[in-house]
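# Commentary on secondary and tertiary structure
Chain by chain, the residues run as shown.
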Amino acid sequence: MRTASRFLIAIIFLGVVLGGIFGYKFYQFGQMKEMLSQPQPPAEVSATEARTESWTPSIKAVGSVKAVNGIEVANEVPGVISSINFESGDTVKKGDILIRLNTAIDEAAVRTRRAEAQLAEQEFKRISDLLPKRAVSQSQFDESKANFDAAQARVNEADAQLSKKVIRAPFDGTLGIRMVDQGEYIATGTPIVEINMLDPIYVDFTLSEKNLQDVARGYSVVATVAAVPEQEFKGKVSAINTSVNPETRTVRVRATLSNPQKLLRPGMFATIRTLQPKDDEVVTVPRTAVSYNTYGDFVFVIEENDDGDLVVNRRSVTAGQTRDKRVAILSGLEAGEKVVSKALLRLRAGQKVKIQEENSDESSGQSQKKQPQEASE
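One structure accompanies this document, and this report is about it. (Residues numbered from 1 in each chain as written. Predicted model: local features only at pLDDT ≥ 70, side-chain atom pairs only at ≥ 80, totals over all residues. Heavy atoms only, no water.)

## Here's the deal with the sheet that holds strand β8 (residues 173-175)
Taken together, four strands build an open sheet; the order of strands is β3-β10-β8-β5 and the sheet is antiparallel. Across the chains shown, the open sheet's two edge strands, defined by having one partner strand only, are β3 (70-74) and β5 (91-92). Strand direction decides the pairing type here: β8 and strand β10 (residues 191-196), joined by two bridges, are antiparallel. Considered in β10, the bridge of Leu175 is made with Ile195. (Pairing = 2+ DSSP bridges. Helix = DSSP H or I, 4+ residues; strand = E, 2+ residues; numbered from the N terminus.)

What follows is the structure in structure tokens.
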């Protein structure tokens, strides 16, 4: 009997303890449910207005910078370098002497040829004086004249050979790094120094054949390079190849750029936009206002609901090209509509919002800022 009483008391005690625990938990769940049922405060967001801008359409491509004139200066005849008249990196004019080769043998050869020519000339003059007196035959006169002409030609040949021992700049340009040394023997065709004409300068690029009708000589181009990404180099299309590559179906285009500071160098990789001679009106928003994903791009548009509260609604859009951190919206959004400008991941459709601040530059209404609009190749 005593054991049964103790067992009953233990059961009652456990029931009271468990009942208290379950009661407290039930109270907590009730409090949490009540808190969750309360309306959430509006989320603070940054907003901007979609605006209309005038963008110049363009065709985007990539290419390489190429010098108008650029070669490795080399020698036509072998010899030993007697003097070097330049330093690496010098700017030279056409005709400036770069190096001289030893000319002792060539100068001796010139003196020999001139002596031979002088003798042939004297012989020709004597026979010429005797011909009217019929003291010599016509064949002797013809032979002496031929000997004189041949001797004079050998003099010219020796002079030309001697002149090849002086290597000059073939055009105005900037020199690269010197590749030979004083006193060095150089065989025919040895590279001496690189010379490039840097202003103006070419940029060669390719366009798809479908864009051939959208480009012509004289069209403006804007190029950028990784070395100076903040600067744009402007120029014009100067030549278009007359044929299309049958393997890639692309056409080669060349533009001439102004390069007064010589920031562009041959071989640089360049991004080129070929501008069209017309403007398009496009609706634009900041790049951060568009969410890109596999199932389509969208923005959060800020609207008023029936109660007059501001809410965000997700709207699918067709995004176009990006320019100066702004995106062209091809469809799905009208100018003047207000959209969330950043922090889109924490929002959901129908959520109440409160505009935290507006960027006056971003929401300046119908701005007519002129921008080039890219058309991808």
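## Things to note about helix α3 (residues 138-163)
Along an α-helix, a turn takes 3.6 residues, which lines up residues three or four apart on a common side. Compared with an ideal rise of 1.5 Å per residue, which puts 26 residues at 38 Å, α3 spans 38 Å between its outermost C-alpha atoms and is within 8% of the ideal. Of the residues making up α3, those classed as buried are Phe141, Ser144, Phe148, Ala151, Val155 and Ala158. Where α3 is buried, its residues contact α2 (104-130). (Expected span 1.5 Å × (residues − 1). Buried < 20%, exposed > 50% of the residue type's maximum accessible area, 1.4 Å probe, protein only. Contact = heavy atoms within 4.5 Å.)

## Side note on α2
A rise of 1.5 Å per residue sets the reference length of α2, with its 27 residues, at 39 Å; its end C-alpha atoms lie 40 Å apart and thus fit the reference within 8%. By the burial criterion, the buried members of α2 are Asp106, Val110, Ala117, Ala120, Phe124 and Ile127. Tucked into the core, α2 has its buried residues touching α3.

## Remarks on the packing of aromatic side chains
Considering all chains together, one arrives at three aromatic pairs under this definition. Summarising the aromatic geometry, the rings of Phe124 and Phe141 are spaced 5.5 Å apart at their centres and angled 35° between planes, so their arrangement reads as tilted. Here Phe141 lies in helix α3 and Phe124 lies in helix α2, a separation of 17 residues in the sequence. The same class applies to Phe124 and to Phe141, which are both buried. Measuring from ring centre to ring centre gives 5.8 Å for Phe124 and Phe148, while their planes differ by 0°; the resulting arrangement is stacked. Taken as a pair, Phe124 in helix α2 and Phe148 in helix α3 lie far apart in primary sequence, 24 residues in all. Just as Phe124 is buried, Phe148 falls in that class too. Feature note: the residues Phe124, Phe141 and Phe148 constitute an aromatic cluster, connected by ring pairs. Over the face of the ring belonging to Phe298 we find Arg314, whose NZ or CZ atom lies 3.8 Å from the ring centre. (Phe/Tyr/Trp six-rings, centres within 6.5 Å; stacked < 30°, edge-to-face > 60°. Lys NZ or Arg CZ within 6 Å of the ring centre and 35° of its normal.)

## Observations concerning the sheet that holds strand β6 (residues 97-101)
With respect to topology, four strands assemble into an open sheet ordered β7-β6-β4-β9, the strand pairing being antiparallel. On the outer flanks of this sheet lie β7 (166-168) and β9 (185-186), each paired with one strand and no other.

## So, the pairing of strand β16 (residues 280-286)
Buried residues dominate β16, accounting for five of its seven residues. Taken together, the five bridges between strand β2 (residues 51-67) and β16 define a ladder with antiparallel strand orientation. Looking at β16, one finds that Glu53 is bridged to Val282. Relative to strand β19 (residues 326-331), β16 runs antiparallel, the two sharing four bridges.

## With respect to a nonpolar patch on the surface
Among the surface-exposed residues, Phe13, Leu14, Val17, Leu18, Ile21 and Phe22 lie close enough to one another that they form a single nonpolar patch of about 620 Å² accessible area. Looking at the element boundaries, Leu18 is found in helix α1 (residues 2-37). Accessibility expressed as a relative area gives 46% for Leu18, which makes it partly exposed. (Patch = residues over 30% accessible without salt bridge, like charges linked within 9 Å, V, L, I, M, F, W, Y side chains within 5 Å. Areas by Shrake-Rupley, 256 points an atom, 1.4 Å probe, with all protein chains shown as cover. Salt bridge = Lys/Arg side-chain N within 4 Å of Asp/Glu carboxyl O.)

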